Amino acid sequence: MAAPMKNTTLHENLKISTFNFAENDENLKWISDMICMKHSIGVTMTKMDQLPPSISEACMDEMSFIVYSLPVHELINSDLLGAFQKKGSLCMLSVGTKLEVNDCVAILPTGQLILHLTKDSYTRLGLDGKPSHYNKFGGEKYVVNIDVSSPVFAPGKKNYERVKQCLLGSSICCDFLVSWSPQDDKLCPSSIHRYFCLKGFGCVHLTLSAKSHKYTNIKIPDLQHQDAEVYHQEELYDWLGGVANQILWSSESDEEYSPLGDYSGPTNLGHCAHNQVFGFFSSITLQSLIKEVRQLCKSSNTWGCVTVHGFSDSLTSIGKSEKNFHKLCADSVTLVLSPSDRCWLFTDT
């Protein structure tokens with residue numbers, strides 16, 4: 001449960017909360033779980049022209065994999081559920097599929113198996129589901145939700161056997177991104193890789209990619225000034241987007257949109273550095289990174305932020321609600337941390 005927050009909505013998709021991180025450490029888990037399928041993690045630090053190695057290492061040590069041509073019935077294999085879903089946080093997402101036109105499948109860390117299907121696939125499958133909430137905007141997709149974590153979902157049980165027969169009769173087969181975080185520290189996350197290889201499926205380590213850049217002598221928002229929280233939150237969000245995407249600004253530019261220059265609150269001249277890593281990340285990795293950035297803000301007496309982007313074809317949106325398959329953009333969560341533990345949380349769907 002998150003700590004009480006003051007919320008405001010500045011436009012349709014962007015919501016902003018402010019809170020004190022130290023008031024409730026449960027915020028760490030709550031924030032890290034907001035986006036189930038994490039595609040990229042970015043860090044921006046002010047008063048720095050280079051991020052310390054501990055920041056990039058927190059992401060680059062992630063163990064995630066791609067398993068190829070996996071029939072959907074394998075997702076309820078009792079070996080997979082018993083050894084991995086019940087003994088850790090298992091996350092899988094079909095890759096190379098388009099949510100608006102293809103069959104897409106995911107297993108959430110909560111133990112929900114979600115199938116987002118075309119009308120033909122849904123009709124052939126024979127399992128109970130419901131029309132997508134977003135069919136009202138066009139298209140015809142159907143959502144089937146199966147709780148594979150339920151104690152009664154086990155071989156020999158009526159519900160399990162029915163689901164198994166329906167999935168066995170299905171032709172749905174996808175490549176999947178896979179991440180597993182074991183509950184027992186003595187177990188290695190790469191065990192999931194060995195499992196799929198022993199089952200005869202092609203499974204390889206997912207290669208991560210990264211980019212970084214820095215700015216010198218730019219105007220940096222002064223978040224210690226009380227006006228920053230009251231009047232300039234949306235401008236701060238735009239400023240962070242400008243830094244992350246290298247949208248440069250010049251005082252002589254005639255460009256209408258210049259996020260690095262349009263921040264109208266108090267500023268200080270200084271440096272900042274940004275690093276972004278792309279892959280498939282677990283909540284454990286994100287929690288570790290937020291802790292690193294929080295300590296860095298305190299030790300350096302400056303502010304920074306962590307931004308997480310999901311996948312554009314993820315099946316769930318922020319809060320685990322169904323994602324609008326008509327929107328091709330990915331959800332994002334941005335957490336701004338200050339030395340005093342005063343934080344700003346931006347969620348954009």
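### Concerning the sheet that holds strand β10 (residues 173-182)
Then, number 1: Within the open sheet, the eight strands sit side by side as β8-β9-β7-β6-β5-β10-β4-β11. Their pairing is antiparallel. At either margin of the open sheet sits one strand with a lone partner, and together these are β8 (130-131) and β11 (203-205).

### Considering the packing of helix α2 (residues 53-60) against helix α10 (residues 283-300)
Then, number 1: Axis separation between α2 and α10 bottoms out at 9 Å; the angle between their running directions is 170 degrees. As summarised for this structure, α2 and α10 are arranged roughly antiparallel, according to the angle between their axes. Where α2 abuts α10, its residues Ser54, Ile55, Ala58 and Cys59 lie against Thr285, Leu289, Glu292, Val293 and Leu296.
Then, number 2: For the contact of α2 with α10, the residue count by class is six nonpolar, two polar and one charged.

### Description of the pattern of salt bridges
Then, number 1: For the coordinates displayed, the defined rule picks out six salt bridges.
Then, number 2: Residues Asp341 and Arg294 are paired through a salt bridge, measuring 3.0 Å at the closest nitrogen-oxygen approach. One end of the pair, Asp341, is in the loop between β15 (332-337) and β16 (342-348); the other, Arg294, is in helix α10, and 47 residues separate them in sequence. Judged on exposure class, the residue Asp341 and its partner Arg294 are both buried.
Then, number 3: A salt bridge links Lys298 to Asp341, with the shortest nitrogen-to-oxygen separation between them at 3.2 Å. On the criterion of sequence distance, the pair formed by Lys298 in helix α10 and Asp341 in the loop between β15 and β16 is long-range, its members being 43 residues apart.
Then, number 4: Look at the salt bridges and you will find they share partners, linking Arg294, Lys298 and Asp341 into a network.

### Let's talk about the packing of aromatic side chains
Then, number 1: In this structure the tally under the stated criterion is 10 aromatic pairs.
Then, number 2: Ring plane angle 25 degrees and centroid distance 5.1 Å describe the contact between Tyr237 and Phe346, whose orientation is recorded as stacked. Of this pair, Tyr237 sits in helix α8 (residues 233-244) while Phe346 sits in strand β16, and the two are 109 residues apart along the sequence. Residue Tyr237 shares its accessibility class with Phe346, and that shared class is buried.
Then, number 3: Among the aromatic side chains, those forming a connected cluster through ring pairs are Phe84, Trp180, Tyr195 and Phe196.

### As for the side chain of Lys323
Then, number 1: Position of Lys323 among the secondary structure elements: in the loop between β14 (304-309) and β15.
Then, number 2: For Lys323, which is buried and forms no salt bridge, the nearest opposite charge comes from Asp331, at a distance of 5.0 Å.

### Comments concerning the nonpolar core
One recurring pattern in soluble globular proteins is that nonpolar side chains are buried together.
Then, number 1: Core analysis: the biggest nonpolar cluster contains 38 residues, and Met92, Leu115 and Phe196 have the highest contact counts within it.
Then, number 2: When residues no more than four places from it in sequence are discounted, the contact partners of Phe196 are Val67, Leu70, Leu80, Met92, Val178, Phe201 and Cys203.
Then, number 3: By size, the runner-up hydrophobic cluster in this structure holds 32 residues, among which are Val43, Ala58, Ala273 and Cys343.

### Some points on helix α6 (residues 191-198)
Then, number 1: Those residues of α6 lying buried are Ile192, Tyr195 and Phe196. Along the axis of α6, the buried residues cluster in a sector spanning 90 degrees; they form a single face. Exposed side chains of α6 directed beyond 90 degrees from the buried face belong to Arg194 and Leu198.
Then, number 2: Residues of α6 that are buried in the fold lie against β4 (64-71), α3 (78-83), β5 (88-95), β10 and β11.
Then, number 3: Positive backbone phi, at 90 degrees, marks Gly200, one or two positions downstream of α6.

### Examining the confidence of the model for the protein chain
Then, number 1: Here the protein chain averages 89 in pLDDT, while 90% of its residues score no lower than 70.
Then, number 2: A low-confidence stretch, residues 1-10 (pLDDT under 50), is modelled with 25 contacts involving residues beyond four sequence positions or located in other chains.
Then, number 3: For the stretch residues 250-254, pLDDT sits under 50, and the model shows zero contacts to residues farther than four places along the chain or on other chains.

### Digging into α10
Then, number 1: Under the 1.5 Å per step criterion, the end-to-end length of α10 is 26 Å for 18 residues, consistent within 8% with the ideal 26 Å.
Then, number 2: The complete set of buried residues in α10 reads Ser283, Thr285, Leu286, Gln287, Leu289, Ile290, Val293, Arg294, Leu296 and Cys297.
Then, number 3: In this structure, the buried side of α10 is in contact with α1 (26-32), β3 (38-46), α2, β13 (267-281), β14 and β15.
Then, number 4: Two residues or fewer after α10 comes Asn301, characterised by a positive phi angle close to 50 degrees.

The rules behind the values
Residues numbered from 1 in each chain as written. Predicted model: local features only at pLDDT ≥ 70, side-chain atom pairs only at ≥ 80, totals over all residues. Heavy atoms only, no water. Pairing = 2+ DSSP bridges. Helix = DSSP H or I, 4+ residues; strand = E, 2+ residues; numbered from the N terminus. Axes fitted to C-alpha atoms, helices over the stretch in contact; angles between N-to-C directions. Parallel < 35°, antiparallel > 145°, perpendicular 65-115°, else oblique. Contact = heavy atoms within 4.5 Å. Nonpolar A, V, L, I, M, F, W, Y, C, P; charged D, E, K, R; others polar. Salt bridge = Lys/Arg side-chain N within 4 Å of Asp/Glu carboxyl O. Buried < 20%, exposed > 50% of the residue type's maximum accessible area, 1.4 Å probe, protein only. Phe/Tyr/Trp six-rings, centres within 6.5 Å; stacked < 30°, edge-to-face > 60°. Lys, Arg positive; Asp, Glu negative; His and termini not counted. Core = buried A, V, L, I, M, F, W, Y, C linked by side-chain atoms within 4.5 Å. Arc of directions from axis to C-beta. pLDDT = per-residue confidence, 0-100. Expected span 1.5 Å × (residues − 1).

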